[in-house]
Amino acid sequence: YAPVMTVNYEYFDEITPDSAVELVKRLQKPEDGLPVSARGARLCGFKEMSQQLAGFPDERVRITADGLPGEPTLAGNRLAEQYGIAVSGFNPDTPIPSAHAQGGQAAGGKA
Amino acid sequence: MTAQEPAPRLESAPRPESLARLTPVLTKRWLSPDAWRIDVYEQLDGYTALRKALTADPDDLIALVKASGLRGRGGAGFPTGLKWQFIPQNDGKPHYLVVNADEGEPGTCKDLPLMMADPHSLIEGVIIASYAIRANRAFIYIRGEAVHAARRLRNAVVEARSLGYLGQDILGSGFDLEIVVHSGAGAYICGEETALLESLEGKRGQPRLRPPFPATHGLYNSPTVVNNVETIASVPYIVLGGADWFRSMGTEKSPGTKIYSVSGRVDRPGQYECSLGTTLGQLLDLAGGMAEGHQLRFWTPGGSSTPMLTAEHLDVPLDFEGMASVGTMLGTTAVQVFSQADDVVYATYRWIEFYHHESCGKCTPCREGNYWMVRVLRRILAGQGRHEDLDLLLDLCGNLLGRSFCALGDGATSPVMSSIKYFRQDYLDYIEGRREPLLAGAAPGAAGESTTGAELAGKDS
C-alpha cells in the first residue's frame, strides 16, 4: 500500500506527490464531496474522531461496513485459493483431553 | 477448490515447496468481505470453538494450549500455556485478560488487518482464554490510530453481547465476562506489556520493574495475562483442531501457523500466513520475487527491533530457534525486504529516530542513548562522521542492551549493531568521503535541531 497518507487516521494508499496535493485540494473543498478511503471509513471531523477514541460509538449509519481489505492484505489467501492450498488434518470435533475425573471439581490450579 | 493449472497472469508461479508453506487458518475468513459481521461469522463456523470450550474444564483448556506449544506472537515467543498456568487460581483476587492490540513494531501488519477483517475471531479467543484463566473482565488495548479497526472491534463486542456470548452466564455456562475495548493514545511504548497496563490504569505509559510479573501483579495489582492479538486468535483453532493438529504445522519448538508481513522491495507485498519455519527464500517466492531491478541486500525478520540479516540468510528457517541461531529474533515476523537501492545507514538512522521519538524517557541508557545515536548517525550521513563514531555507536549499544526496564532500548541496538556488523563499509564510505552526504550538513556541535530540519541533499531515492 505504501506510500500511505492518513487523513484523520483513515488510510489513503499509494500516494504520489501529485495525488497528495490533489487530496488536500479536495479536502479544502468539502462541498464537492470528501475523498473516500478504500480501506477505511468515510471521513469525519476531529471532534467526532476524539469521541470515538474515547470509546463512544460512531453514530453514522452503516459506518462499520465501510472499507474493504486491499489485495496486499489478502495476498497469501489469494495464492492459497488460486493453487488450491488448504490446511489438512483439521477436525473440529477433536476431543479436548481431560485430566480430571468425570464430575470432579475444578482443581486448585497450579501457580 | 481443486488445484488447476497455474493462472497465466503470473510470469512464473511460486515453487510447489513454497506454496506448501501456506497455511490459511487465521486469515481464511479475510476473503469474505463481511466476516466482521456476527451473522456471517457464525455461518463461517464462528463461535463453535467457544461452545466446545465451555464444555471443558478450564484447567484442561490451559493444558491443551500448553500441549499445542503455542508461543506468544507478539515478538517474545513465550509459551502461552505456561503463561496462563502462572495465574494463581483460587486466590480470591480478580483475574484479568489483557489483549495487546497496540501493533506498532515497524513493518508489522497482522493484528490490525485481523481486527478489521475478522474481529469476532479475536473476541471468541478472548472469551475462551478468559474462561480458562478465570477472568471475568477482559481488556483489548488497541492502537489509537487504528480508528476503523476499533470501530469494527467495538461493533463486534456489541454484537457478541447481543447474542449472549458476553455478559452473564454465557451460553448457560455460569461464566460471566465483559470486554472493554480501549483505544491507546499513540505511543509505541504502550505495546510493552507493563507500560500498556500502566496506560490502561490511566497512568503515564511507562514500563514497570519486573519482577513482580503481571501474572501475579498485573492490572490493578491483580493476576493478569497479557497476550498478543494473534496469540489469542489462534486459540479457537487449537480448541477445535486439537494440539496434535496445531503441531502438525511449523517446527517442533515453534509449532503452528504465523502471519508473515512481507513488505519492501518485493513484487507483491502483503500478508502471507505460513507455517513457522518458512524461509525468506520461500516468502520471496510467494511474494513474486524481488521487484524488478532490485537485488536483496538486507532484511529484517521481525521488525526493526530484530537485528537485520543479509542475502546469505535466505534459507534460514523463520522460527524462534532458527532466528536465534543466526543472532537475531523472530519478533513479529515483519519481514521488511531492502535492496541495493536502499541506503542501510539512512534506514538505520530513520529507525533510531523512531526509537528516540518513542522512548518514554524513564531509563537513562535508552533516553540518552537514542538521543545520542540519532545525532551521531545524522553526523555520519551529513559527511561529518569520524572513524571513532563507529566505536562510539557500538559503545552506546553496549551500554543500552539489557540495561533498561523494557525492550525498546534493546530494539534500538538491533539495527545499529547489525548494520555495522554486515555493512561497515557503507558507514566507512560516508566517513571517508566516498559517498556523497545524504543530509544537509549539521553544523558542528549544533544541538536541538529538529529532526525535520535535516534536508535530503538532492539524492535520488
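Model, not experiment: these values are computed from the prediction.

**Q** Could you clarify how one ought to interpret the packing of helix H4 (residues 58–68) of chain B against helix H7 (residues 119–133) of chain B in this entry?
**A** Residue and element names in this part refer to chain B. Relative orientation of the contacting elements H4 and H7 amounts to 115°, with a least axis distance of 7 Å. Relative to H7, H4 is oriented so that their crossing is left-handed. Contacts from Pro58, Leu61 and Ile62 of H4 reach H7 at Ile128, Tyr131 and Ala132.

**Q** I keep staring at the sheet that holds strand E8 (residues 309–310) of chain B and nothing clicks. Help me out?
**A** Residues and elements named next belong to chain B. With mixed pairing, five strands are arranged side by side in an open sheet as E6-E5-E9-E7-E8. Edge positions in the sheet fall to strand E6 (270–275) and E8, since each of these pairs with one other strand and no more. Judged from the six bridges that link them, strand E5 (residues 257–264) and E6 form a sheet pairing that is antiparallel. Its bridge partner being in E6, tyrosine 260 is matched across the sheet by tyrosine 272. Helix H13 (residues 344–358) rests against strand E7 (296–300) and strand E9 (334–339) of the sheet, and its axis sits at about 15° to E7.

**Q** What exactly am I supposed to notice about the interface of chain A and chain B here?
**A** By convention, interface size is frequently given as the accessible area that disappears when the constituent parts associate. Taken residue by residue, the interface counts 53 residues in chain A and 59 residues in chain B. Summed over both partners, the interface of chain A with chain B comes to about 4400 Å²; 62% of that surface belongs to carbon and sulfur atoms. In this assembly, chain A and chain B are joined by two salt bridges. With its nearest N and O atoms 2.9 Å apart, the salt bridge here joins A:Asp58 to B:Arg151. Looking at the side of chain A that touches chain B, the element that brings in the most residues is helix H3 (residues 75–82) of chain A, giving eight residues.

**Q** For this particular structure, what's the right way to read the layout of surface pockets?
**A** Over the atoms rolls a probe the size of a water molecule, and in doing so it shows where empty space is left. Residues and elements named next belong to chain B. Counted as a void, the second largest pocket has a volume near 1400 Å³. Lining the second largest pocket we find 47 residues, and of these Gly74, Gly75, Ala76, Gly191 and Glu193 sit closest to its centre. Counting only elements with at least two residues in the lining of the second largest pocket, the list comes to strand E4 (224–228), helix H12 (320–325) and helix H16 (407–431). Element by element, the count of residues in the lining of the second largest pocket is highest for E4, at five residues. The residue inventory of the lining of the second largest pocket, partitioned by class, reads 17 nonpolar, 20 polar and 10 charged.

Here is what the cut-offs are and how they apply
- Residues numbered from 1 in each chain as written.
- Chains lettered and ligands numbered in written order.
- Predicted model: local features only at pLDDT ≥ 70, side-chain atom pairs only at ≥ 80, totals over all residues.
- Heavy atoms only, no water.
- Axes fitted to C-alpha atoms, helices over the stretch in contact; angles between N-to-C directions.
- Helix = DSSP H or I, 4+ residues; strand = E, 2+ residues; numbered from the N terminus.
- Left-handed = near helix turned anticlockwise from the far one by under 90°.
- Contact = heavy atoms within 4.5 Å.
- Pairing = 2+ DSSP bridges.
- Buried area = accessible area lost by both parts, 1.4 Å probe.
- Salt bridge = Lys/Arg side-chain N within 4 Å of Asp/Glu carboxyl O.
- 1 Å grid on protein atoms, 1.4 Å probe; cavity = no way out; pocket = protein on both sides within 12 Å on 5 of 7 lines; lining within 4 Å.
- Points joined across faces, edges and corners; volume = space filled by probe spheres on them.
- Nonpolar A, V, L, I, M, F, W, Y, C, P; charged D, E, K, R; others polar.

Any functional reading would require information that these geometric values do not contain.
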